[in-house]
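# Residue-level structure breakdown
Here are the chains, one letter per residue:
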Amino acid sequence: MAEVLLPSLIDGLLLGFVYGIAAMGLSLIWGVMNVINLAHGPIIALGMFGVYLSFSYLGLNPYLALILVAIGGLLAGVVIYAVAVHRVLNAPHLSTLLATFSVNMIIIGLGTAAFSVSPYNVDYSLGSASLGSIRVPVSRLAAALAAIIVTALLYLFLYRSRPGKYIRAVANNRGAAELMGIPSARVLALSFGLGTMLAALAGGLIATFFPITILSGGGYELRSFVIVVLGGLGNPLGALIGGLILGTLEGVIPVFTITTWVPVFEFVLFVLILLVRPSGLLGRRT
Amino acid sequence: MNAWNKPGFWLPLALVLAAGAWPLITGREATREVIFTALISVALASSLNILLGYTGYVSFGHIVFFGLGAYVGFYMMSALDLPLYLAAPAGGLSAGFLAFLLGKAILRLRGAYFALATIGVNEAARAFVNNFDPFGGPIGMRLNFRFYDAYGGAARALWTTFVALVVLTLILLAVSYLVKSSKFGLSLQAIRENEDAAQVMGVFAPSAKTWAFVISAIFPGIIGVLFFFKNGNIEPGDAFRLHLSIETIVMVMLGGQGTVLGPLLGGAGYQRLRGTLLVTPLFKDIQLTVAGVLLLVIILFVPGGVVGWLRSRFPVLRRVLE
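Rules of the game
Residues numbered from 1 in each chain as written. Chains lettered and ligands numbered in written order. Predicted model: local features only at pLDDT ≥ 70, side-chain atom pairs only at ≥ 80, totals over all residues. Helix = DSSP H or I, 4+ residues; strand = E, 2+ residues; numbered from the N terminus. Rg over C-alpha atoms; globule rule 2.2 N^0.38 Å. Buried ≥ 20, exposed ≤ 12 C-beta atoms within 10 Å, placed from the backbone. Contact = placed C-beta atoms within 7 Å. Axes fitted to C-alpha atoms, helices over the stretch in contact; angles between N-to-C directions. Left-handed = near helix turned anticlockwise from the far one by under 90°. Pairing = 2+ DSSP bridges. Nonpolar A, V, L, I, M, F, W, Y, C, P; charged D, E, K, R; others polar. Parallel < 35°, antiparallel > 145°, perpendicular 65-115°, else oblique. Core = buried A, V, L, I, M, F, W, Y, C linked by C-beta atoms within 7 Å. Expected span 1.5 Å × (residues − 1). pLDDT = per-residue confidence, 0-100.

## Topic: the overall build of chain B
Scanning chain B from N- to C-terminus turns up 14 helices and 2 strands. Relative to its length of 322 residues, chain B is compact, with a C-alpha radius of gyration of 19 Å against a globular reference of 20 Å. For chain B, the spread of C-alpha atoms along the principal axes amounts to about 55 × 45 × 45 Å. For chain B, the residues scored as buried account for 51% of the 322 residues in total. For chain B, contacts bridging at least 24 residues in sequence account for 75% of all contacts bridging at least 6.

Encoded structure:
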């Protein structure tokens, strides 16, 4: 048992870091402007294809391509915010949910027309490393490391830089922040951009070790919802920890039962947490 | 109640009756199929509207009730050999019962949290049916062809299903109007506007919300049975099409949420549009994108949908369009 359990545990844990930064993007957007971004999955898929295209056509190293993907994700987020979200920000929840969902439909529609739904593969391998008796693909280790670096940078940005402080002020109280002279529309656009940037980065990292299709972002979007609820909506560090928990569960559950039951467990867990502690396991009590 | 004097009541019914009678008079199968598809959309949209439009709760899991009712009804027909007129209400009741249980649990959540929970319910239901063996697992179930003999053969059975759907849509639109104009409907609309204030004014929100959820779930349950009775076989992928939940929301928004006529126009209009896009070479591949742009434009600029826009643009119509 132990020789099966330990490798799948480590596999799941490393994957959990990537889930974590995808969920962090969702969580950040929710925390700052109370919007659930239903275009999250397609953005993850765009991140995947960003890495795939720059690797296959520009011959770029996938890890360098991540920088391009991050910039693209940031810009895409700002555009989405300006076009679809800003106008309905103060309308009921239904409007922002549907506005971001329409962005989802637009991206998926164009993406399917361009790439069809067949799988693509980033043909780049770093080999695997041995940790004692366990062999782990280096790309997974690199992805986990990248996820940790991104989290650290995000926290430095939010707590040490001026725009980061603006973001936290707007999240805390938009009205008061505006009275202090903070340009809230620009800050909101920036936060939305950061959220989609994290999603695109997560997608790019996934592309380095899994085959991708234009629709595969959907699965990660659903996982991000589960994780965000685990860690507490609007709590980025909680999202990372939630990601680790979910990754570990995904690694361990298939050892004991059939893989196809994993989503049932995940979503039952998800609904239960929503019911018992809607603020999340690590969120503040409400 | 004197609902027959109100055009808001009989106008939608007359429209459905005319659409339903058209293929019956001409006897053309092609027209029947087009109207059948449109009526399914209309009925799904109208039933969702009771929760989404009147009560203001966004559900991304409406298709769960369609799929569950279909599976229960189909199981009764294929495994227990029970007739359609028992299986269809049973499908509806089981969907309503599921909604009752779910409602007790997740309707405590508000706004975005409720919407998220319904996404979870939708996914969990699909994964569950995929793994549950009595329902055939991923392969699904099929009806023996001889089952249709009791309905005068397969060709006659298709007409029977069509008439049943027309009648069901008529009942649904009548219920939709009666709910909206009743005291119950007023309390739902009060919850939509401000749930806390509604409770202070004496609306018992938990039970009102649960009943709205149950009513909106019974109809898709019955429709599911009719749809798959006509189809002859059922699979998890067909019964739990997640994107159909979303398309239903688009239909409600297109026609006008919170109105009786809106989902009727929205459902029929959306199907018409989709049909046109699918056969237009330029839009064939990107029909999803076109639907997305349409939805975005509606949300940003005409949040009231067609009926809402007409009502605010031409005040005269407020007495005609409910």
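## As for the overall build of chain A
When helices and strands are counted, chain A shows 11 helices and 2 strands. Secondary structure elements of chain A occur, N-terminal to C-terminal, as α-α-α-α-β-β-α-α-α-α-α-α-α. Taken over the C-alpha trace, chain A has a radius of gyration of 19 Å; the compact-globule value for 286 residues is 19 Å, and the two agree within 12%. Counting only C-alpha atoms and orienting by the principal axes, one finds that chain A spans roughly 60 × 45 × 35 Å.

## Looking at the packing of helix α4 (residues 84–106) of chain B against helix α9 (residues 205–231) of chain B
Two elements in contact, α4 of chain B and α9 of chain B, have axes whose closest approach is 7 Å; the angle formed by their N-to-C orientations is 145°. Considering only the axes of α4 of chain B and α9 of chain B, their crossing is right-handed.

## Things to note about the pairing of strand β2 (residues 134–137) of chain A
A regular strand places its side chains on the two faces of the sheet in alternate fashion. Here strand β1 (residues 128–131) of chain A pairs with β2 of chain A via 4 bridges, running antiparallel. Of the residues in β2 of chain A, the one forming a bridge with Ala 129 of chain A is Val 136 of chain A.

## Overview of the interface of chain B and chain A
Counting residues at the interface gives 35 residues for chain B and 33 residues for chain A. Among the secondary structure elements, those contributing two or more residues to the side of chain B that touches chain A are α4, α5 (111–131), α11 (242–255) and α13 (287–301) of chain B. Of the residues assigned to the side of chain B that touches chain A, the class counts are 26 nonpolar, 7 polar and 2 charged.

## Quick look at the packing of helix α1 (residues 7–26) of chain B against helix α2 (residues 29–55) of chain B
Residue and element names in this part refer to chain B. It is at 8 Å that the axes of α1 and α2 come closest, and there the two elements cross at 165°. Considered as vectors, α1 and α2 are oriented roughly antiparallel to each other. In this structure, the crossing between α1 and α2 has a hand that is left-handed. Facing α1, whose interface residues are Ala 19, Gly 20, Trp 22, Pro 23 and Thr 26, α2 presents Thr 31, Arg 32 and Ile 35. Taken together, the residues of the contact of α1 with α2 break down into 4 nonpolar, 3 polar and 1 charged.

## Thoughts on the nonpolar core
Membership of the largest hydrophobic core comes to 199 residues, with the highest contact counts inside it found for Val 18, Ala 22, Leu 198, Leu 201, Ala 202 and Val 229 of chain A together with Tyr 71 of chain B. With 16 residues, α9 of chain B is the single largest residue contributor to this core. Once residues lying within four places of it in the same chain are set aside, the contact partners of Ala 22 of chain A are Ile 44, Leu 198, Ala 199, Ala 202, Tyr 220 and Ser 224 of chain A.

## Structural notes on helix α3 (residues 62–78) of chain B
Between the first and last C-alpha of α3 of chain B there are 25 Å, a value that for 17 residues agrees with the 24 Å anticipated at 1.5 Å per step. Counted residue by residue, α3 of chain B has 17 buried out of 17 residues, so it is predominantly covered.

## Overview of unusual backbone geometry
Even without being glycine, Ser 116 of chain A reaches a positive phi, approximately 55°. The residue Ser 116 of chain A is located in the loop between α4 (93–115) and β1 in this model. Positive phi values are uncommon outside glycine, yet Asp 81 of chain B reaches one of about 60°. Relative to the elements of secondary structure, Asp 81 of chain B occurs in the loop between α3 and α4. By the C-beta count within 10 Å, which is 10 here, Asp 81 of chain B ends up exposed.

## Description of α11 of chain B
Residues and elements named next belong to chain B. Helix length check: α11 (14 residues) gives 21 Å between terminal C-alpha atoms against 20 Å at 1.5 Å per residue, within 8%. The element α11 is extensively covered by neighbouring structure, given that 11 of its 14 residues are classed as buried. Residues of α11 that are buried include every one of Ser 245, Ile 246, Glu 247, Thr 248, Ile 249, Val 250, Met 251, Val 252, Met 253, Leu 254 and Gly 255, and no others. Phi turns positive one or two residues past the end of α11, at Gly 256, with a value near 130°.

## Brief notes about the environment of Val 225 of chain B
Residues and elements named next belong to chain B. Looking at the element boundaries, Val 225 is found in helix α9. Of the residues examined, Val 225 has 30 C-beta atoms within 10 Å and is grouped as buried. C-alpha separation for the pair Val 225 and Thr 161, spaced 64 residues apart in sequence, amounts to 9.9 Å. Among all residues touching Val 225, those that are not within four sequence positions of it are Gly 69, Ala 70, Gly 73, Phe 74, Ala 87, Ala 88 and Gly 91.

## Digging into the environment of Leu 172 of chain B
Residue and element names in this part refer to chain B. Relative to the elements of secondary structure, Leu 172 occurs in helix α6 (residues 153–181). Taking the number of C-beta atoms within 10 Å as the measure of exposure, Leu 172 has 29 and is therefore buried. With 128 residues separating them along the chain, Leu 172 and Leu 44 place their C-alpha atoms 9.8 Å apart. Sequence-distant contacts of Leu 172, defined by excluding residues within four places in its chain, comprise Ala 43, Ser 46, Ser 47 and Phe 219.

## Brief notes about the confidence of the model for chain B
Caution applies to low-pLDDT regions: their predicted coordinates should not be interpreted in detail. A residue-level look at chain B finds 99% of positions with pLDDT of 70 or above and a mean pLDDT of 87. As scored by the predictor, the complex reaches a pTM of 0.84 and an ipTM of 0.84.

## Re the confidence of the model for chain A
The pLDDT averaged across chain A works out to 86; a share of 96% of its residues lies at or above 70. Per-element mean pLDDT across chain A ranges from 76 in β1 of chain A up to 94 in helix α8 (residues 184–207) of chain A.

## Remarks on the environment of Pro 119 of chain A
Within the secondary structure, Pro 119 of chain A is located in the loop between α4 and β1. A count of 13 C-beta atoms within 10 Å places Pro 119 of chain A in the partly exposed class.

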